[in-house]
Structures are given as C-alpha cells and as structure tokens.
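Coordinate analysis (summary)
For reference, the chains in residue letters:
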Amino acid sequence: MSVSKLFSSLVAVAIGVTMSLLTACSDDEDVARYSVVAPDAEDVGAKTVLVYMAGHNTLGYTGNVQADTAEIMAGRSAIPRDGRLLLFIDTGDKPRLYRIMPDEPRPRLLVEWDKDCSSTSPQTLGEVLELTQRLAPSARYGLVMSSHADGWLPPSNPAASPRRSDYMPKSFGIDDGNGPADRGTQMAVEDLAATLAGAGFHTDYILFDACLMQTVEVDYALRSVTDYVIASPALLPAAGANYVHLLARGLFSDTVSHIAETYVADVGDPDQYFSYYEHGAVMSVVRTAALDSLASAFAAALPTSSLMAQGLPDMTGVTAYQYYGRASDYRPHAYDMAEAIAAIFPQGEALDAVKQALGRAVVYKAATDRFWFGPGDWTFATVHPATYSGLSLFVPRQEYDTNASLCPTGNHNLTFRTTGWYAAAGWAQTGW
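Along every chain, residues carry numbers that run from 1 in the direction the sequence is written. For this predicted model, a pLDDT threshold of at least 70 governs which residues receive local features, and a threshold of 80 or more governs which side-chain atom pairs are given and counted, while totals over whole chains, interfaces and linings are taken from all residues. Side-chain measures here rest on the full set of heavy atoms in the structure, leaving out hydrogens and waters.

Numbering of helices and strands runs from the N terminus; a helix is a DSSP stretch of H or I covering at least four residues, while a strand is a stretch of E covering at least two. Looking at the element boundaries, threonine 430 is found in the segment after α14 (420–424). Contact criterion: two residues are considered in contact whenever any of their non-hydrogen atoms come within 4.5 Å of each other. Discounting chain neighbours no more than four positions away, the residues touching threonine 430 are Leu302, Leu307, Met308, Ala309 and Gln310.

Remark: helix α3 (residues 122–135) packs on helix α4 (residues 189–198), axes separated minimally by 9 Å, with the N-to-C direction vectors making an angle of 35°. α3 and α4 meet at a crossing whose hand is right-handed. Contact residues: α3 offers Pro122, Leu125, Gly126 and Leu129, while α4 offers Asp191, Leu192, Thr195 and Leu196. Its residues assigned to classes, the contact of α3 with α4 comprises five nonpolar, two polar and one charged. Inter-axis angles, ranging from 0 to 180 degrees, are taken between N-to-C directions of lines fitted to C-alpha atoms, where helices are fitted over the stretch in contact. Here a crossing is taken to be left-handed if its near helix is turned anticlockwise relative to the far helix by less than a right angle, and right-handed if that turn runs clockwise. Each residue receives one of three labels: charged for Asp, Glu, Lys and Arg, nonpolar for Ala, Val, Leu, Ile, Met, Phe, Trp, Tyr, Cys and Pro, and polar for the others, Gly being one of them.

Centres within 6.5 Å make a pair out of two Phe, Tyr or Trp rings, where for Trp the six-membered ring is used; the pair is then stacked when the planes are under 30 degrees apart, edge-to-face when over 60, and tilted otherwise. In total, this model carries 23 aromatic pairs according to the counting rule given. Between tryptophan 152 and phenylalanine 416 the ring centres are 6.0 Å apart and the planes differ by 65°, which places this aromatic pair in the edge-to-face class. One end of the pair, tryptophan 152, is in the loop between β8 (138–146) and α4; the other, phenylalanine 416, is in the loop between α13 (412–415) and α14, with 264 residues separating them in the sequence. Relative accessibility under 20% of the residue-type maximum defines a buried residue, over 50% an exposed one, and the middle range a partly exposed one, all with a 1.4 Å probe and only protein chains included. Given a relative accessible area of 9%, tryptophan 152 falls into the buried group.

To continue, consider helix α11 (residues 349–361). Any helix carries an expected span of 1.5 Å times its number of residues minus one. Over its 13 residues, α11 extends 19 Å from the first C-alpha to the last, a length consistent with the 18 Å expected when each residue adds 1.5 Å. Of all the residues in α11, the buried ones are Leu351, Val354, Ala357, Leu358 and Ala361. The buried residues of α11 occupy an angular sector of 125° when the element is viewed end-on, so they sit on one face. The exposed set on the far side of α11, more than 90 degrees from its buried face, consists of Glu349 and Gln356. Along the arc lie the directions from the helix axis toward the C-beta atoms.

Another point: the sheet that holds strand β3 (residues 34–36). The strands making up a sheet associate through hydrogen bonds between their backbones, and the pairing can be parallel or antiparallel. Pairing between strands is defined by DSSP: at least two bridges between the two strands are required. The strand order across the open sheet built from 10 strands is β3-β7-β6-β5-β4-β8-β9-β10-β11-β13, with neighbouring strands paired in mixed fashion. Strands with a single pairing partner mark the edges of an open sheet, and in this sheet they are β3 and β13 (362–367). Taken over all neighbouring pairs, the strand axes of this sheet differ in orientation by 15° on average, direction set aside. Bridge analysis of strand β11 (residues 282–287) against β13 gives five bridges, and the strand direction is antiparallel. Opposite serine 284, over in β13, you have lysine 365 as the bridge partner.

Attention shifts here to the packing of helix α10 (residues 337–344) against α11. Where α10 meets α11, the axes come as close as 10 Å, and the angle between the chain directions of the two elements is 175°. Classified by the angle their axes make, α10 and α11 are roughly antiparallel. Of the residues in α11, those touching α10 at Met337, Ala338, Ile341 and Ala342 are Leu351, Val354, Lys355 and Leu358. Per-class residue counts for the contact of α10 with α11 are seven nonpolar, no polar and one charged. To sort the angles, those under 35 degrees are grouped as roughly parallel, those over 145 as roughly antiparallel, those from 65 to 115 as roughly perpendicular, and the leftovers as oblique.

In this section: the pattern of salt bridges. Here the idea is simple: oppositely charged side chains can pair when their charged atoms come close. For this document, the term salt bridge refers to a Lys or Arg side-chain nitrogen within 4 Å of an Asp or Glu carboxyl oxygen. One pass over the full model with this rule turns up 11 salt bridges. Where arginine 370 meets glutamate 278, a salt bridge forms, and the shortest distance between an N and an O atom there is 2.5 Å. Of this pair, arginine 370 sits in the loop between β13 and β14 (371–372) while glutamate 278 sits in the loop between α8 (273–276) and β11; the two residues are 92 residues apart in sequence, bridging distant segments of the chain. Accessibility expressed as a relative area gives 34% for glutamate 278, which makes it partly exposed. A single salt-bridge network, built from bridges that share partners, covers Lys47, Arg140, Asp204 and Asp254.

Another aspect to go through is unusual backbone geometry. Between glycine 374 and the following residue, proline 375, the backbone shows a cis peptide bond with an omega angle of 10°. Relative to the helices and strands, proline 375 resides in the loop between β14 and β15 (380–381). Here the phi dihedral of alanine 334 falls at roughly 60°; this positive angle occurs in a residue that is not glycine. By the element assignment, alanine 334 lies in the loop between α9 (291–301) and β12 (335–336).

Turning our attention to the confidence of the model for the protein chain. Averaged over the protein chain, the pLDDT score is 89; the fraction of residues at 70 or greater is 89%. The quantity called pLDDT is the predictor's confidence in a given residue, expressed from 0 to 100. Contacts from residues 1–30, a stretch scored under 50 in pLDDT, to residues over four places away or in other chains number 68 contacts.

What follows deals with the environment of serine 257. Tracing the sequence through the fold places serine 257 in helix α7 (residues 257–267). A relative accessible area of 16% places serine 257 in the buried class. Sequence separation between serine 257 and tyrosine 228 is 29 residues, and the spatial gap between their C-alpha atoms is 9.6 Å. Contacts of serine 257, omitting those with residues within four sequence positions, involve Val285 and Tyr364.

Here's what the structure looks like:
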C-alpha cells in the first residue's frame, strides 16, 4: 500500500462556479457551517458508493487515511461510467466531501466545512448522507465506514471516566477534537442506524473498514438500513483495505462477497507484506434480512441452554476474536457465534434450528491462515475452517463482573442488556 503520496497533492482543485449553502454542523461544543461548491446533479446514477473516513485520530496522524485516499485515486479508472464515488474525509482540518471521477486526476471538491466538526456526530453524518443523495443521486447506494471501532460497545467519555485515565477508546468513528490521540468522541451503532434511517439512506451494503464490527449485536441494530454488513469480528491492520483492488473488484460489484474476498486476499498477499506484515484478517458477509429469524431461533433454543439461571457455559476451545485483558482495555472476548452456540446448546433440534438460521445469515466468510490476536506484537490465533462463522456473539462471563471497575465501559454483562439483540434473542429469560 503506497504511502508516498501526500494528501495535499490530491486536493488542489480548480472550480469555476461556486455556490454557497449555509447550514448547521454541530459537535459537542461548536457550530460549524459548510459551503457547497458544486451544482446539484442532473442525472441519476446506477450506484453511488460513499466512503466515510473518520480519520481525526491516529489513522490520520500516521498517514493511513492519506494512503487510502491515494489508493482511491490510483484505482479511479475502475469506477463504472454509471457509478458515483464520493469521499468524505475528516483528519482534523476542515472536513471535505469529494467526488472521484474515473477520468480526472484530482478529486472534485463538492463540499467544504468552514471549520472542524466532529465526524462522529450524527449531525455531521446526516448532513453527508443528505448531500450524497443530492449531489450524486443513484438508484442504489453502498457505504464504507472507515475508522477505529469497538463493535457493539457503547461510546465512552474517557475524560470523565474515573476508571482508566489512560484509556484510548476506539468505538466507531473516534474523533479527537482538541484532545490527545484516540481519546475523543465516538458514535454508537444505534445512532449510526438511526441516522441512516432518518436520512432515508438504505444501502446494498455497509463495509466497515474498522476493527471488531462483525458482531451479531451490531448487525441486528443495522438490519433495517442495509442489506448486507461486510466486516471483521477481529482486529484489522491499520493500513486497512487496498482500495485500488476494492474498486476494481468489490465496491461496485453486484456480488457483495467480492468485497470480503478481495480484502482478505490482499491482507494475506506476500507481495503486500510491507503494508500488512503478518497481521492477518477474518471477514464475513451477513445478510440482515435473516437476522430476525436468527433471533427467534436463538430465543426458542435458550431454555435448553447452559445459560439459564445465569449459567456460565464452558467456552474452552471456542474461538475468541479479541484478547481479553488490560492491554485490550478489557473489551469482551468476541466469541465466534457458530462455535459458541455449539458450546451453549445441547445437541438436538433447537441447536439445529439455530445453526440453520445462522447459515442463512452468514453468506460468506474468509480468513487468512492466522490473525493477530494480541496482546504481544507476535501473538496470533487461527480459525477452525470447519466450524467458524466469521460472526461474533457476546456471551456473559464472570470476569466481566469482576473487572467492571477497570473497564472504561463498565460491566459488559449489564451493558449488553441495552442492545436490541438482547431483547430480540430472548436473553432476559436466562437471568443475564
């Protein structure tokens, strides 16, 4: 992945006609305004893909956002003639919204915010979604959300938290504002879903180029705003996707599995060693239309499970996608769902029903031979090809109670109760 091109060389745009539109963009403290510097689109495309890069954090400071942008420009010739590619970037300066044209060597500036505003604010995201539909309307939409992330965990406010003064939060879309690296505001997945729904922005897919987002709790929250979620249940390399290849075979493809397939192939490619080293990756594609049935099957099976009466199933041997401990800020284990249900439910019709529902939900999965697990730089884990699903499931554990005072987001066993998946999948009957 090339990091030699500076982003500043990509944004020198000459625009002849300027139109101004004043509107509000707010973060926690300030109100910002933006200017639209391009006319409204007169034609409707077949598909618009919006890449939303929330990079006002270490991804921007270390050049990963700039490298991704350079890759998008390098791969622009693959954008279909009836396709539209929009790129929102926030790296701490004035956020910008660009259109990338297949035959133009520089990005075309569409909108510039007059000052910094938080890319994790639902207000900002909502504005970008409205502008995307106005300036690049299409019959269909795809969405790439690129930043740090923590899956279903709620946003935290480390500055106000007495638990961990050194906590570096990475829930989705961290925005540092005026603070130190990776200690800013975040966006809850429920807010993401509500903002998409409020904007009427239903997508063919959401690709999370961010860690730990392929959880059944995240996917269930997004089930009404996208057809597919493409993400990883594990940690992803900081370099992120190779956008040259994703543009050529992925983002505009009618086969959504091409995105996950291309992503994993790139991370495991020896020729891209100096981008990804030996980090590895796990990716899957989840069909959201199947999630209500999965929740119903899970709820029906729970009375047969070892979770009843706040039971603690033996999770020995079940793939965990996240190291649990201080080095990972006590984020939960993120157990593979297919392997977890085999440990939770006894053999029988109830388990078979959950397995079948899960099989209808996970339509594609891929993994390298191993993936980075932590906490050490060279601590890896492997998936079991015959048993893994590539989708994680939260399972209550005693250590989440024990270590609640050390965890920036508190007691996971209690926080889990606030998720939509908890209610839909019948978890209350277990006592958890």
